[in-house]
Amino acid sequence: MKKIYFFIFIILFVINVFGVETNISNYHINVTLDDTLKTLNGYEDIVYINNSNDTLNSIVFHLYANMFRQGSKYLTESNKSVNSKTEGFTEIDSVIIGNADKLAGEEDYTLYKLPLNNPLLPKDSLSLRVFFRHKIPKLFLREGFSNMGYDISQWYPKIAVYSKGKWANFQAYKYSEYFGEYGDYHITLTMNEKYYAFGSGDIIAPESEVERIREIRGLGLCETDTSNDFKTIEMAVKKVNDFAFVLRSNFNLIYNDESKPIIEIVCSKSLFELFDEQLQNVKDIIRFYSDKYIEYPYDKFTVAEGLLNAGGGMEYPRFTIISPEIVSADKIPFVSTYLLEDVICHEIAHQWFYLIIGSDEATEPFMDEAFAVFSELSYMESKYGKHGNYVFLFNRPVISLFNQHYLLYNIQQVNRKSTPMNTPSYDYEKMQNYGTNVYSKGFLCVRAIEHMIGEDEFNNIIKQYFEKYAFSHPTMHDLFDFLNEKTDNIYYIELRNILFENVYTDYRIKGVKNFNNDYEIAIANSSPFEFPVEIKFIFSDGTDSIIRKSVDENTVQMKGKKISNIIIDPKQKYLDLNYYDNIRKPHFTFHFFDFETDYFANNIYAYPWIEHSLIERFSYGGEVYICDKPTLKLNEMGMYGKFGLKIFAGYNPNNGIMYRHLMESYQGSDIKTGIIHIFKYSKSIYSINNTLTAFRNESDENSFNLDIYSRYTINNGDQYFLSKMGASKLSVIGFDYLYSGKKSFINYFVKTCVEFSDEIIYSNTEFQRILLKGGISVKKANNPIGIGYRIGIEYSGGIVWGDKNGYSAMYLNSSPLKLFNNKSMLENSYPLSIDYTNGFGYQTDDKVAYGSIHRFRFSAGTMVLSPYFDFYMSGADYWIDNYNYQAGIQLRFGRVLSIEIPIYNDTNGFMILSGIAINISSEIIK
């Protein structure tokens with residue numbers, strides 16, 4: 001208890017350092033790690049200073065880890081199950097005030113309210129001793145344990161922030177982050193001698209531990225220690241709002257102490273070179289932000305490869321943890337990225353917008369995440385330019401950071417899923433909406449403010465903002481008032497709209513009149529929000545002029561020169577939904593392995609094209625895609641440009657020249673509708689297919705897709721098995737309807753198809769059918785070995801009348817059968833997958849029609865290199881008389897690329913050269 005009074009002395013100095021006076025929480029925590037039970041047991045001594053003008057009758061604590069207790073709201077809503085070994089929680093045993101009073105509080109999920117016998121007066125302090133037990137969970141979100149060691153965060157009872165007359169008493173939520181009071185931390189940790197601690201604090205005792213760390217820094221490597229002895233270490237840090245750390249026993253330590261701050265990177269041995277490349281980047285990033293905002297106030301920063309599964313990285317004071325998913329992205333063949341540097345850059349930005357500016361991350365996530373993304377892109381664009389700063393394929397840019405955020409914002413805003421920037425994190429129902437709104441749209445909003453005020457003036461204002469609010473808790477209203485004060489309220493309405501309304505713009509050039517080079521330009525804006533937007537005039541003599549105007553009237557005038565083109569918002573600063581109609585004369589931009597978009601142009605994308613089937617073998621050619629902006633698909637649903645044209649041309653050894661084109665046009669908002677026209681031509685086939693489609697732009701629940709189509713096909717009789725069946729033409733009308741949803745821990749979908757035709761054919765050009773298809777996926781609760789079950793049911797058969805054949809065609813080995821639209825998620829969820837499908841048609845390429853085919857697949861679902869084994873039962877007229885098997889491997893690179901290679905079956909023997917099926921899916925949300 002004597003050390004508590006020392007903290008009171010220290011606090012008299014700390015109060016004078018803070019720019020805006022806040023309450024103070026100082027912690028001296030003494031705990032022991034039980035490596036078997038995965039618990040931290042002990043107590044914390046807290047000195048709490050009430051610097052407010054209010055009398056406090058109670059103290060509120062956050063117990064964030066209770067999200068992971070059995071039966072919690074988070075686990076229930078997330079369809080996750082735990083047991084006594086894998087759950088997590090923080091449990092307060094008792095609280096002692098001063099030297100005598102023992103108080104009892106009331107726990108409410110992730111909150112603990114402690115009534116005080118004696119009210120805490122303004123400018124007075126309170127000393128508490130809190131006895132607690134923290135159960136470290138199996139990895140959930142940001143905390144957990146594995147063979148690598150421990151990631152420890154939000155592990156102690158933490159006093160909530162009291163500001164502006166109220167407690168920040170929000171419940172922890174799966175998308176929310178944290179909010180803490182500033183203070184000094186001193187941690188005494190007893191643990192197995194094999195572990196080393198890295199995190200928010202410095203090791204200060206014993207000297208033997210400090211020396212051991214020095215030795216590791218010198219060697220750069222720590223080998224596994226099998227000792228069962230215990231050691232006690234002490235860690236400390238001043239003026240922070242949280243404390244987190246990792247425990248590792250086998251690692252590389254990358255270290256640089258040539259100048260302040262000292263940089264420390266903790267990683268596994270296999271990733272030494274990858275993280276070693278980031279050492280200088282970390283120093284450069286900290287210097288960039290120090291110059292941009294305010295000098296980094298600490299003498300060390302630590303990066304740790306972690307266990308994280310909640311985003312790419314997570315910020316803590318003086319410390320960040322990097323997700324293994326980010327590291328794996330650098331291992332994809334032919335793909336190079338700046339992803340690791342970018343994520344580190346984002347997390348370091350939080351040292352300014354979370355730590356130095358201590359806003360409420362849960363209630364106002366815009367205040368930290370939006371500014372962190374803005375800071376991240378400021379650095380990445382200053383270093384690599386606007387376009388070449390994210391993902392490359394064959395050394396050609398695929399997508400830039402700006403395009404990623406703009407396209408994600410666009411799909412959400414167009415589909416009316418966006419919300420104002422002051423939306424709390426706990427009001428979002430889906431991660432996709434939270435991430436897009438807070439990160440992507442939030443970044444664009446900060447960027448709009450910067451452009452509206454002017455970059456130099458904005459930078460100057462933000463520096464003054466840090467000088468005033470450093471180490472305090474400014475709100476969005478504080479930011480709003482500060483910006484207005486520094487700009488003399490010139491942008492009051494615009495700032496209010498950006499921060500507190502569901503802001504967007506949709507300008508377009510409505511018309512241009514020319515009276516002897518005296519122009520009147522009619523500009524329309526479909527949104528209710530006006531900004532001082534830039535309008536660029538390009539003249540016929542090659543010169544240009546930019547005017548800045550709030551478009552609150554119908555026309556803009558320009559005199560004296562002949563205008564060759566006009567562009568509204570040429571730098572894309574004001575969240576316009578469609579830049580294609582912001583330009584008078586769209587041009588053409590050609591891309592070859594370059595998927596960056598020119599939003600003011602007709603984009604032409606060209607790239608090689610190759611496909612394979614067991615029947616046709618390989619076809620070679622090229623593809624050209626012309627559109628106003630490229631298609632962005634999230635899982636199965638997505639956003640499309642207003643128009644698009646895809647042209648495929650190539651050659652097949654069996655069918656000669658091949659040509660097909662796809663024309664598509666989509667309209668709508670919440671439910672998107674569109675028209676698709678497909679034309680195919682080769683030596684064997686001539687086909688026209690027209691489809692009217694409607695779909696909801698959500699991918700995880702309550703989704704539907706409806707297609708109504710007609711098709712006309714002529715064959716010359718030598719394609720596949722048509723000559724055998726006697727079919728020469730086919731006309732079809734029909735519809736497909738897919739509905740998918742989620743209930744409890746079951747994902748389900750139902751697909752129906754009704755189709756009528758004048759002939760039955762056996763080919764992949766489709767067939768007469770009535771189709772009923774459905775499936776469910778179940779994650780079994782309390783399953784110790786993690787085996788998942790997938791159950792699919794399917795009926796697929798044609799209408800039989802007269803002498804027409806009723807079989808339908810399904811090529812089971814030509815391409816993977818996708819009964820489950822969440823298949824990739826399931827395969828990544830379990831170490832072993834068991835899959836059953838059935839249908840009718842042709843098995844492999846033996847050209848025998850089967851009345852029924854049953855396939856059982858056994859595969860290792862979570863491995864990068866995953867073997868699989870297929871067992872088939874098939875027969876004519878529903879009787880089983882054939883048994884076949886096939887084995888192969890799947891190569892998986894996260895969610896980005898999956899390659900399936902059949903190696904052997906009992907019909908063809910080794911068949912590596914004759915059958916490769918490639919599935920590609922991508923997910924670009926961080």
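Reading the values: the criteria
- Residues numbered from 1 in each chain as written.
- Predicted model: local features only at pLDDT ≥ 70, side-chain atom pairs only at ≥ 80, totals over all residues.
- Heavy atoms only, no water.
- Helix = DSSP H or I, 4+ residues; strand = E, 2+ residues; numbered from the N terminus.
- Buried < 20%, exposed > 50% of the residue type's maximum accessible area, 1.4 Å probe, protein only.
- Contact = heavy atoms within 4.5 Å.
- Areas by Shrake-Rupley, 256 points an atom, 1.4 Å probe, with all protein chains shown as cover.
- Pairing = 2+ DSSP bridges.
- Expected span 1.5 Å × (residues − 1).
- Polar contact = N/O pair within 3.5 Å; in protein donor to acceptor, adjacent residues only side chain to side chain.
- Axes fitted to C-alpha atoms, helices over the stretch in contact; angles between N-to-C directions.
- Salt bridge = Lys/Arg side-chain N within 4 Å of Asp/Glu carboxyl O.
- Parallel < 35°, antiparallel > 145°, perpendicular 65-115°, else oblique.
- Left-handed = near helix turned anticlockwise from the far one by under 90°.
- Nonpolar A, V, L, I, M, F, W, Y, C, P; charged D, E, K, R; others polar.
- Bend = angle between axes of the 7 residues up to and from the residue.
- Patch = residues over 30% accessible without salt bridge, like charges linked within 9 Å, V, L, I, M, F, W, Y side chains within 5 Å.

## Thoughts on the overall build of the chain
Right, so step 1: Per the secondary structure count, the chain includes 16 helices and 54 strands.
Right, so step 2: Expressed as a percentage of the 926 residues in the chain, the buried residues total 57%.
Right, so step 3: Contacts in the chain between residues at least 24 apart in sequence constitute 63% of all its contacts with a sequence separation of at least 6.
Right, so step 4: For the chain, the exposed surface amounts to about 38100 Å²; the carbon and sulfur share of it is 55%.

## Comments concerning the pairing of strand E27 (residues 396-399)
Here is the key point about a regular strand: its side chains alternate between the two faces of the sheet.
Right, so step 1: Note: strand E26 (residues 391-393) against E27, 3 bridges, orientation antiparallel. Looking at E27, one finds that Leu393 is bridged to Arg396.

## Observations concerning helix H10 (residues 401-414)
Right, so step 1: Here H10 spans 20 Å end to end across 14 residues, near enough to the 20 Å set by a 1.5 Å rise per residue.
Right, so step 2: Most of H10 is tucked away, with 14 of its 14 residues classed as buried.
Right, so step 3: Of the residues flanking the end of H10, it is Arg416, one or two places downstream, whose phi is positive at about 60 degrees.

## Brief notes about unusual backbone geometry
Right, so step 1: For the bond running from Ala205 to Pro206, omega is -5 degrees, close enough to zero to count as cis.
Right, so step 2: Here Pro206 shows up in the loop between strand E16 (202-205) and helix H3 (207-219).
Right, so step 3: Of note, the amide linkage connecting Lys260 to Pro261 takes the cis form, showing an omega dihedral of 0 degrees.
Right, so step 4: Assignment of secondary structure puts Pro261 in the loop between strand E20 (251-256) and strand E21 (262-267).
Right, so step 5: Non-glycine residue Lys164 carries a positive phi angle of around 55 degrees.
Right, so step 6: Examined against the element boundaries, Lys164 turns out to sit in the loop between strand E12 (162-163) and strand E13 (166-167).
Right, so step 7: Judged by its relative accessible area of 58%, Lys164 is exposed.

## Considering the side chain of Glu347
Right, so step 1: As for its placement among the helices and strands, Glu347 is situated in helix H7 (residues 339-349).
Right, so step 2: On the basis of relative accessibility, which here comes to 4%, the residue Glu347 falls in the buried class.
Right, so step 3: Engagement of the side chain of Glu347 in a polar contact is seen with the backbone nitrogen of Glu315, the distance being 3.3 Å.
Right, so step 4: When sequence neighbours within four positions are dropped, the list of residues in contact with Glu347 reads Gly313, Met314, Glu315, Thr320 and Ile322.

## With respect to the sheet that holds strand E15 (residues 196-199)
Right, so step 1: On the basis of which strands lie adjacent, the open sheet formed by 4 strands has the order E9-E10-E19-E15 and antiparallel pairing. Each end of this open sheet is capped by a strand with a single partner; those strands are strand E9 (144-146) and E15. Averaged over all pairs of adjacent strands, the angle between their axes in this sheet comes to 15 degrees, without regard to strand direction.
Right, so step 2: In this sheet, strand E10 (residues 149-152) lies alongside E9 in antiparallel orientation, the contact comprising 3 bridges.

## Remarks on the pattern of salt bridges
Right, so step 1: Summed over all chains, the structure comprises 25 salt bridges.
Right, so step 2: Taking the shortest distance from any N to any O, the salt bridge between Lys158 and Asp242 comes out at 3.4 Å. Separated by 84 residues along the polypeptide, Lys158 in strand E11 (residues 158-159) and Asp242 in the loop between strand E18 (230-240) and strand E19 (245-248) bring together distant segments of the chain. In this structure, Lys158 and Asp242 share a single accessibility class: buried.

## Thoughts on the pairing of strand E24 (residues 319-322)
Right, so step 1: The alternating pattern of E24 places Phe319 and Ile321 and Thr320 and Ile322 on opposite faces, both of which are buried.
Right, so step 2: Pairing between strand E22 (residues 300-305) and E24: 4 bridges, direction parallel. Paired with Ala304 across the strands is Ile321, a residue of E24.
Right, so step 3: Hairpin connection between strand E23 (residues 313-316) and E24: a loop of 2 residues separates the two successive antiparallel strands, and Arg318 in this loop has a positive phi of roughly 60 degrees.

## Overview of the packing of H7 against helix H9 (residues 366-384)
Right, so step 1: Interhelical geometry of H7 versus H9 gives an angle of 135 degrees and a closest axis separation of 8 Å. Taken as axis vectors, H7 and H9 run oblique relative to one another. For the pair H7 and H9, the sense of crossing is right-handed. Seen from H7, the contacting residues are Glu341, Asp342, Cys345, His346 and Ala349; seen from H9, they are Glu369, Ala372, Val373, Ser375, Glu376, Tyr379, Met380, Lys383 and Tyr384.
Right, so step 2: Within the contact of H7 with H9, the residues separate by chemical class into 7 nonpolar, 2 polar and 5 charged.

## Remarks on helix H11 (residues 431-453)
Each α-helix winds once per 3.6 residues, and so residues spaced three or four apart point in a common direction.
Right, so step 1: Here H11 contains 23 residues, and its C-alpha end-to-end distance of 32 Å stays within 8% of the 33 Å for a straight helix at 1.5 Å per residue.
Right, so step 2: A maximum bend of about 35 degrees is found in H11 at Gly442.
Right, so step 3: Within H11, 21 of the 23 residues are buried, which leaves it mostly tucked inside the rest of the structure.
Right, so step 4: Following H11 by one or two positions, Gly454 adopts a phi angle in the positive range, close to 110 degrees.

## Considerations on a nonpolar patch on the surface
Right, so step 1: A surface patch of nonpolar side chains, about 460 Å² in accessible area, is lined by Ile675, Leu692, Ile708, Phe735 and Tyr737.
Right, so step 2: With respect to the helices and strands, Tyr737 occurs in strand E44 (residues 729-743).
Right, so step 3: For Tyr737, a relative accessible area of 34% translates into the label partly exposed.

## Let's talk about the environment of Arg133
Right, so step 1: The residue Arg133 is located in strand E8 (residues 125-135) in this model.
Right, so step 2: On the accessibility criterion, Arg133 (30% relative accessible area) is partly exposed.
Right, so step 3: Counting along the chain gives 22 residues from Arg133 to Trp155, while the straight-line C-alpha distance between them is 9.1 Å.
Right, so step 4: When sequence neighbours within four positions are dropped, the list of residues in contact with Arg133 reads Thr39, Leu40, Asn41, Phe89, Thr90, Glu91 and Asp93.

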